[in-house]
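What the coordinates show
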Amino acid sequence: MKLIVVLVGLALAVVRTVSGAPGLGWYLLAWALFAVAVWLARREPDGRLAVLVVAGGVVMATAGLSAPPSSSTDSFRYVWDGRVQAAGVSPYDHPPADPALAGLRDRWLFPSRCDARDLWPLPDGGCTRINRPTVPTIYPPVAQGYFLLVHWLSPDGARHKVLQLGGWVMAVVVLLALCGWNVRTAACWAWCPAVPVEAVNNAHVDMLAVLLVVFAMRAPRARGALLGAAVAAKLLPAAALPGALSGILAKGADRRRAVRTLVPAALVVALAYLPYVLASRAPVVGYLPGYLQEERYGSPADGHRYALVRLVLPDAWAPYAAIALLALIALFVLRQGDPERPWHGALIVTGSLLLLLTPGYSWYALPVVALAAMAGRWEWLGVALAGGVAYVAGPMAATSPATAIYTAAALAVLVGWAVRRWVPPAHGSGPPAHGNTLPHHESKPPAPEAGAGAGARP
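These numbers come from a predicted model, not from an experiment. (Residues numbered from 1 in each chain as written. Predicted model: local features only at pLDDT ≥ 70, side-chain atom pairs only at ≥ 80, totals over all residues. Heavy atoms only, no water.)

Bringing the side chain of Thr73 into the picture now. Among the secondary structure elements, Thr73 is positioned in the loop between helix 3 (46-63) and helix 4 (74-86). The contact partners of Thr73, leaving out residues within four places of it in the chain, are Asp118, Trp120, Arg129 and Asn131. (Helix = DSSP H or I, 4+ residues; strand = E, 2+ residues; numbered from the N terminus. Contact = heavy atoms within 4.5 Å.)

A separate point is helix 4. Here helix 4 spans 19 Å end to end across 13 residues, near enough to the 18 Å set by a 1.5 Å rise per residue. Counting buried positions along helix 4 yields twelve of 13 residues, so the element is predominantly enclosed. Along helix 4, the residues classified as buried are Asp74, Ser75, Phe76, Arg77, Tyr78, Val79, Trp80, Asp81, Gly82, Arg83, Val84 and Gln85. Those residues of helix 4 hidden inside the fold are in contact with helix 5 (141-153), helix 6 (161-181) and helix 12 (255-279). (Expected span 1.5 Å × (residues − 1). Buried < 20%, exposed > 50% of the residue type's maximum accessible area, 1.4 Å probe, protein only.)

The next point concerns the packing of aromatic side chains. Taken as a whole, this structure holds 16 aromatic pairs when the rule is applied. Ring plane angle 85° and centroid distance 4.4 Å describe the contact between Trp181 and Trp343, whose orientation is recorded as edge-to-face. Residue Trp181 is located in helix 6, and its partner Trp343 is located in helix 16 (residues 342-357); the two are separated by 162 residues in the primary sequence. Plain terms: the ring middles of Tyr297 and Tyr306 are 6.1 Å apart, the flat faces sit at 85° to each other, and that makes the pair edge-to-face. Judged by its relative accessible area of 11%, Tyr297 falls in the buried class. When the ring centre of Trp39 is taken as origin, the NZ or CZ atom of Arg42, which lies over that ring, is 3.8 Å away. Between the NZ or CZ atom of Arg305 and the centre of the ring of Tyr297, over which it lies, the distance is 6.0 Å. (Phe/Tyr/Trp six-rings, centres within 6.5 Å; stacked < 30°, edge-to-face > 60°. Lys NZ or Arg CZ within 6 Å of the ring centre and 35° of its normal.)

Moving on to unusual backbone geometry. Unusually for a residue other than glycine, Ala203 sits at a positive phi of about 55°. Examined against the element boundaries, Ala203 turns out to sit in the loop between helix 8 (194-201) and helix 9 (206-218). The phi dihedral of Leu235 is positive, around 65°, even though this residue is not glycine. Note on placement: Leu235 falls in the loop between helix 10 (223-234) and helix 11 (241-244). Note on Leu235: relative accessible area 33%, which makes it partly exposed.

When the sulfur atoms of two cysteines share a covalent bond, that bond is a disulfide. Applying the stated criterion to the full structure yields one disulfide. At a sulfur-sulfur separation of 2.2 Å, the disulfide partner of Cys114 is Cys127. Of note, the bridge from Cys114 to Cys127 carries an S-S torsion of about -100° and is left-handed in sense. Of this pair, Cys114 sits in the loop between helix 4 and strand 1 (120-121) while Cys127 sits in strand 2 (residues 127-128), placing them 13 residues apart in sequence. Here Cys192 stays unpaired: no disulfide links it, and the sulfur of Cys188, its closest cysteine neighbor, is 8.3 Å away. (Disulfide = S-S within 2.5 Å.)

Quick look at the pattern of salt bridges now. Going through the model one piece at a time under the given rule, you end up with eleven salt bridges. One salt bridge in this structure joins Arg184 and Asp46, with 2.8 Å as the shortest N-O distance. Taken together, the residues span a long stretch of sequence, with Arg184 in helix 7 (residues 183-190) and Asp46 in helix 3 at a distance of 138 residues. Using a relative accessible area of 5% as the deciding quantity, one classes Arg184 as buried. (Salt bridge = Lys/Arg side-chain N within 4 Å of Asp/Glu carboxyl O.)

A contiguous nonpolar surface patch, about 590 Å² in accessible area, is contributed by Val259, Val263, Leu267, Leu271, Leu274 and Leu278. Locating Leu278 in the fold gives a position in helix 12. On the accessibility criterion, Leu278 (67% relative accessible area) is exposed. (Patch = residues over 30% accessible without salt bridge, like charges linked within 9 Å, V, L, I, M, F, W, Y side chains within 5 Å. Areas by Shrake-Rupley, 256 points an atom, 1.4 Å probe, with all protein chains shown as cover.)

The subject of this paragraph is the environment of Arg335. Position of Arg335 relative to the elements: it lies in helix 15 (residues 318-336). Looking at Arg335, the relative accessible area reads 43%, which means it is partly exposed. Separated by 86 residues in the primary sequence, Arg335 and Leu249 have C-alpha atoms spaced 4.6 Å apart. When neighbours within four sequence positions are excluded, Arg335 is seen to be in contact with Gly247, Leu249 and Ala250.

This paragraph deals with the confidence of the model for the protein chain. Looking at the protein chain as a whole, the pLDDT averages 89, with 91% of positions reaching at least 70. Scored below 50 in pLDDT, residues 426-443 shows 58 contacts in the model against residues more than four places distant or in partner chains. Scored below 50 in pLDDT, residues 446-458 makes 30 contacts in the model with residues more than four places away or belonging to other chains. (pLDDT = per-residue confidence, 0-100.)

What follows is about the packing of helix 18 (residues 381-393) against helix 19 (residues 402-422). At a minimum axis distance of 8 Å, the contact between helix 18 and helix 19 shows a crossing angle of 175°. When the axis of helix 18 is compared with that of helix 19, the two are roughly antiparallel. Contact residues: helix 18 offers Gly382, Val383, Leu385, Ala386, Gly387, Val389 and Ala390, while helix 19 offers Ala402, Ile405, Tyr406 and Ala409. Residues that form the contact of helix 18 with helix 19 fall into these classes: nine nonpolar, two polar and no charged. (Axes fitted to C-alpha atoms, helices over the stretch in contact; angles between N-to-C directions. Parallel < 35°, antiparallel > 145°, perpendicular 65-115°, else oblique. Nonpolar A, V, L, I, M, F, W, Y, C, P; charged D, E, K, R; others polar.)

A separate point is the side chain of Thr261. Along the chain, Thr261 falls in helix 12. Overall, Thr261 belongs to the buried group, its relative accessible area being 7%. When residues no more than four places from it in sequence are discounted, the contact partners of Thr261 are Gly224, Ala244 and Leu245.

On to the nonpolar core. Ranked by internal contacts, the top residues of the largest apolar core, which has 123 residues, are Leu10, Val53, Trp189, Trp191 and Leu355. Dropping the residues within four chain positions of it, Val53 is found in contact with Leu175, Cys179, Val183, Ala186, Ala187, Ala190 and Trp191. Of all hydrophobic cores here, the second largest spans seven residues; its members include Tyr297, Tyr306, Val309 and Ala321. (Core = buried A, V, L, I, M, F, W, Y, C linked by side-chain atoms within 4.5 Å.)

Next comes the structure, spelled out in structure tokens:
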């Protein structure tokens, strides 16, 4: 009964988070209730917990549908990119402010009054809901295909709603896949506030990348192709590739496994970009170089990037030190990672990437939430919390608690590693029995595939 009460409170806190102005109070309350729910779930019988995880996850995702996008304007760019493609124009060729596309403007994306919140000015007068309207899109080709599909499926006047419904569907599909994996660790995804807020309410396309990564981890034979599609949806899933190659250098280089993974991934990325390369006059990297500069990844002194590295090294060294550390972590996974549990290596590299770069955007950590649920590594969820707090507080604000929150997240990861290294699991590494604690469980795959070398869990 206590767990049900906490989950109801969690859903209400999420509704309040997305229905009001962005603020830390309700967001932190949602995360606190999430932590309490995961703790209480330790003593729930398997059958009852399965119902609560699935039902609670569906309710949580539905809570994200209760309001328009609350803290991000990215979905407006998605709608615009889909509209531009439907008109036969490459989204990489023209920024939204280009007068050549004026015929595609409407009163929703380009309102006549400019006194509302989150509007961007246009060079020729007026305003738009689309952020950075003077630069072309940043999103890769699989994401662009998704935007076009949503445009085709959207009835007149649907606005952001079909994108939110798409996020809801993908979040629930991932939930069901994780429950088939291990219902206890699936709670890390089902009840995490980042899912309804970022995947559903703000409808971030990162959810598409998460879906593809989860499918990749469950399908050894199609793993490379699915990871290539994930990279062509949001680029960040490239950090999961070392995980897919876990242990490949353990006894000399396993060239066959490398080829089976990397060649399909590269082919999918190349084939996804090819139509846009042929149809575009401008480079298909879009605004990516400008975005990296805007976010201070090249010159971190006046921002919060590389915050943890900068605690011990000069600002000018931080980008190079972060790259070197990430390379060492990837090498560790390639040499020491478990090839039967590639999601563990993918989690380590992806989570470490975010801890080293310390971005101010919580949706970047959605893959970490899913991978943490697969691996049963609850401590990595602090990475998603850190990104959310940094974003709500202001990614570039001088008073942002981003450094403190990311430091706490890194310490949680180190504590979790130490506990698992020095405290033996109470019930081994198989599926948890009644009363198992989440921190001591390591997830195993649901069933082996022929020739895949997967674990033996039925």
